[in-house]
Amino acid sequence: MRPWMRIALFALAIYLGLYVRFRNQWVETWDRDGSRYVIFPEDSVWAYYVFRPLSYLDSFVTGMGSHLGPHG
């Protein structure tokens, strides 16, 4: 395997691991419908932009939605 491929796979593994950790810390069950959502904190917009692509994949695979800021 070429060195740049190892670096790319390593970076992808770190990205996925960070998303899993973020996801587990910011899960909320919404009282209105009982569904679980990954809540992106309003004061950490960077997390929204960094992890939003994976949240689409997560939603497709697991059905867990995502939301920017707490449900109102």
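Here we summarise the structure given alongside this text.

Rules behind the numbers
- Residues numbered from 1 in each chain as written.
- Predicted model: local features only at pLDDT ≥ 70, side-chain atom pairs only at ≥ 80, totals over all residues.
- Heavy atoms only, no water.
- Helix = DSSP H or I, 4+ residues; strand = E, 2+ residues; numbered from the N terminus.
- Buried < 20%, exposed > 50% of the residue type's maximum accessible area, 1.4 Å probe, protein only.
- Lys, Arg positive; Asp, Glu negative; His and termini not counted.
- Salt bridge = Lys/Arg side-chain N within 4 Å of Asp/Glu carboxyl O.
- Polar contact = N/O pair within 3.5 Å; in protein donor to acceptor, adjacent residues only side chain to side chain.
- Bend = angle between axes of the 7 residues up to and from the residue.
- Contact = heavy atoms within 4.5 Å.
- Expected span 1.5 Å × (residues − 1).
- Patch = residues over 30% accessible without salt bridge, like charges linked within 9 Å, V, L, I, M, F, W, Y side chains within 5 Å.
- Areas by Shrake-Rupley, 256 points an atom, 1.4 Å probe, with all protein chains shown as cover.
- Pairing = 2+ DSSP bridges.
- Axes fitted to C-alpha atoms, helices over the stretch in contact; angles between N-to-C directions.

### Notes on the side chain of Arg52
Turning to step 1, where the next piece is worked out: You can see Arg52 is positioned in helix H2 (residues 45-62).
Turning to step 2, where the next piece is worked out: It turns out Arg52 is buried and unbridged, and the closest side chain with the opposite charge, Asp58, is 9.2 Å from it.
Turning to step 3, where the next piece is worked out: At a separation of 2.3 Å, a polar atom in the side chain of Arg52 contacts the side chain of Ser66.

### Topic: H2
Turning to step 1, where the next piece is worked out: Along H2, the sharpest change in direction is near 55 degrees and occurs at Phe51; proline Pro53 comes one to four residues later.
Turning to step 2, where the next piece is worked out: Contacts made by the buried residues of H2 are with helix H1 (3-25), strand E2 (36-40) and strand E3 (65-68).
Turning to step 3, where the next piece is worked out: Looking one or two residues past H2, Gly63 carries a phi angle of roughly 85 degrees, positive in sign.

### As for H1
Turning to step 1, where the next piece is worked out: Across its 23 residues, H1 extends 33 Å between first and last C-alpha, which sits within 8% of the 33 Å expected from 1.5 Å per residue.
Turning to step 2, where the next piece is worked out: Turning to H1, its buried residues are Tyr19, Phe22 and Arg23.
Turning to step 3, where the next piece is worked out: Among the structural elements, strand E1 (27-29), E2 and H2 are those in contact with the buried residues of H1.

### Looking at a nonpolar patch on the surface
Turning to step 1, where the next piece is worked out: The grouping of Met1, Trp4, Met5, Leu9, Leu12 and Leu16 at the surface amounts to a nonpolar patch, some 630 Å² of accessible area in total.
Turning to step 2, where the next piece is worked out: Locating Trp4 in the fold gives a position in helix H1.

### Considerations on the environment of Tyr19
Turning to step 1, where the next piece is worked out: With respect to the element layout, Tyr19 can be found in helix H1.
Turning to step 2, where the next piece is worked out: As a C-alpha pair, Tyr19 and Ala47 span 28 residues in sequence and 9.4 Å in three-dimensional space.
Turning to step 3, where the next piece is worked out: Look past the residues within four positions of Tyr19 in its chain and what remains in contact with it is Val38, Phe51, Leu54, Ser55 and Asp58.
Turning to step 4, where the next piece is worked out: For Tyr19, the side chain forms a polar contact with the side chain of Asp58, separated by 2.8 Å.

### Concerning the sheet that holds E3
Sheets are built from strands paired through backbone hydrogen bonds, the pairs being either parallel or antiparallel.
Turning to step 1, where the next piece is worked out: Taken in spatial order, the 3 strands make up an open sheet running E1-E2-E3, and their pairing is mixed. One side of each edge strand has no neighbouring strand; the edge strands of this open sheet are E1 and E3. Between one strand axis and the next, the sheet turns through 40 degrees on average, direction left out of account.
Turning to step 2, where the next piece is worked out: Two strands pair when backbone bridges link them, and E2 and E3 are joined in this way by 4 bridges, in the parallel orientation. In the sheet register, Ile39 faces E3, and the bridge partner there is His67.
Turning to step 3, where the next piece is worked out: Seen against the sheet, H1 touches E1 and E2 and runs at an angle of roughly 110 degrees to E2.
Turning to step 4, where the next piece is worked out: Across the sheet, H2 is in contact with E2 and E3; its angle to E2 comes to roughly 160 degrees.

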